[in-house]
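# Results of the structural survey
These are the residues of each chain, in order.
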Amino acid sequence: MLVVMEAGATPEQVERVCAEIRAMGYAPHAMPGPTRTAIGITGNRGPIEQAARIERLAGVGQLIRITSPYKLVSREFHEADTIVTIGDVALGGNAVVVIAGPCTVESREQTLGVAEHVAAAGAKLLRGGAYKPRTSPYSFHGLAEEGLRILAEAREHSGLPVVTEVIDSESLPLVEEYADMLQIGARNMQNYSLLRAVGRSRRPVLLKRSFAATVKDLLLAAEYILNEGNPNVVLCERGIRTFDDSARFTLDLGAVPIIKQLSHLPVIVDPSHASGRWQQVVPMARAAIAAGADGLIVEVHNDPAFAVCDGEQALVPERFNAMMAEVRRVAAALDRDLA
Ligand code: PEP
Ligand code: MN
């Protein structure tokens, strides 16, 4: 349920409504808007009983039932686009934001080199995994804290804030210390205890869609994070499993406008993991921006043939430059800039 206050409602009237919602056993979420304040209600399992207790209070304009299973992430709850800021980067506004870097941090030279290059090419955030959730227990699982230290150094050198994956609650305090944004990978999208833990973090979260999740599953996963008090979530479409195995995954670009309609959260696309091959990454990057994505997360490697992980899908620096030039033109055609 959403309580829309009258345009002239006072802060005291808003607080009185919040207090009544709490007294009824639910949680109020006051959202001041340019003309009026809306107060969302969560914690109810079905329709709110005794809604008249709220309706009769001074300053209340209208009560609106929220029909979607997710509340805090829904457009019904919060009409305006959410802008998530990471350092001085705004994601979700008019500017398209590109996140780039290696799949995994392999060494200081590799990470600093790639960071410097992607920063010069116009990327606004550096990606790179220090903890890698791998399908096989025998694969490389990341440099852990050493990787985080390298990322922090790369941030100093390049000026780019860092987004890196957190794979469990145990390592979260350490990752939070080094990272500017926490990534929840596809394999952990439905790790509800981890979602709750990052929901209690003050760091913004990049939540990747599981390759076996519906859009509704993704939005409900984001709801876990917002419900713990962290409103700064960016969603990422990174390809799903379908019957077609001609690409590593099937990039579900249709999900972008659907999510935009259902939710106020920013949406970015990962053409690298979706494609699995560098040849398809640039066309899919262009298409993602044309479909309305707020940004991209792209893997770049200085020497993909020797990459420890995901070399087949990594763009070499020169190809990343070409991608940026093309994406800039697609964005401009839609009256958007590249941040
Ligand atoms: C990644 O971005 O490094 C990654 C592992 O991606 P995903 O979780 O989408 O597979
Ligand atoms: Mn990867």
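Residues numbered from 1 in each chain as written. Chains lettered and ligands numbered in written order. Predicted model: local features only at pLDDT ≥ 70, side-chain atom pairs only at ≥ 80, totals over all residues. Heavy atoms only, no water.

## Examining the coordination of the manganese ion (ligand 2)
Taken together, Cys103 (SG), His273 (NE2), Glu299 (OE) and Asp310 (OD) make up the protein donors of the manganese ion (ligand 2), found 2.0 to 2.4 Å from the metal. Here the donor residues of the manganese ion (ligand 2) are spaced in sequence according to C-x169-H-x25-E-x10-D. Here glutamate 299 lies in strand β14 (residues 295–299) and histidine 273 lies in helix α9 (residues 271–275), a separation of 26 residues in the sequence. Classification of histidine 273 by relative accessible area gives buried; the value is 9%. (Donors = N, O, S within 2.8 Å, 3.2 Å for Na, K, Ca; no water. Helix = DSSP H or I, 4+ residues; strand = E, 2+ residues; numbered from the N terminus. Buried < 20%, exposed > 50% of the residue type's maximum accessible area, 1.4 Å probe, protein only.)

## Comments concerning the sheet that holds strand β4 (residues 60–64)
The four strands lie next to each other as β2-β3-β1-β4, forming an open sheet whose pairing is antiparallel. Whereas interior strands pair on both sides, the edge strands pair on one side only; in this sheet they are β2 (27–32) and β4. This sheet shows a mean twist of 20° between the axes of neighbouring strands, independent of strand direction. Direction of pairing for strand β1 (residues 2–5) relative to β4: antiparallel, over a ladder of four bridges. Directly across from valine 3, in β4, lies its bridge partner leucine 63. (Pairing = 2+ DSSP bridges. Axes fitted to C-alpha atoms, helices over the stretch in contact; angles between N-to-C directions.)

## Let's talk about the sheet that holds strand β8 (residues 125–127)
On the basis of which strands lie adjacent, the closed barrel formed by eight strands has the order β7-β8-β9-β10-β11-β12-β13-β14 and parallel pairing. Averaged over all pairs of adjacent strands, the angle between their axes in this sheet comes to 25°, without regard to strand direction. In this sheet, β14 lies alongside strand β13 (residues 267–269) in parallel orientation, the contact comprising two bridges. Bridging from a neighbouring strand, valine 269 pairs with leucine 296 of β14.

## Things to note about the nonpolar core
Of all hydrophobic cores here, the largest spans 79 residues; its most connected members are Val118, Leu207, Val233, Leu235, Leu296, Phe320 and Met323. Among the elements that line this core, the one with the most residues is helix α7 (residues 215–227), at seven residues. Domain assignment of the residues forming this core places at least three in each of domain 1 (2–64) and domain 2 (84–333). Core analysis: the next-biggest nonpolar cluster, separate from the first, contains 17 residues, Met1, Ile21, Tyr26 and Leu57 among them. (Core = buried A, V, L, I, M, F, W, Y, C linked by side-chain atoms within 4.5 Å. Domains from an automatic or database assignment.)

## Focus on the domain arrangement of the protein chain
Each domain of the protein chain was delimited in the assignment, giving domain 1 (2–64) and domain 2 (84–333). Taking only C-alpha atoms into account, the centre of domain 1 sits 37 Å from that of domain 2.

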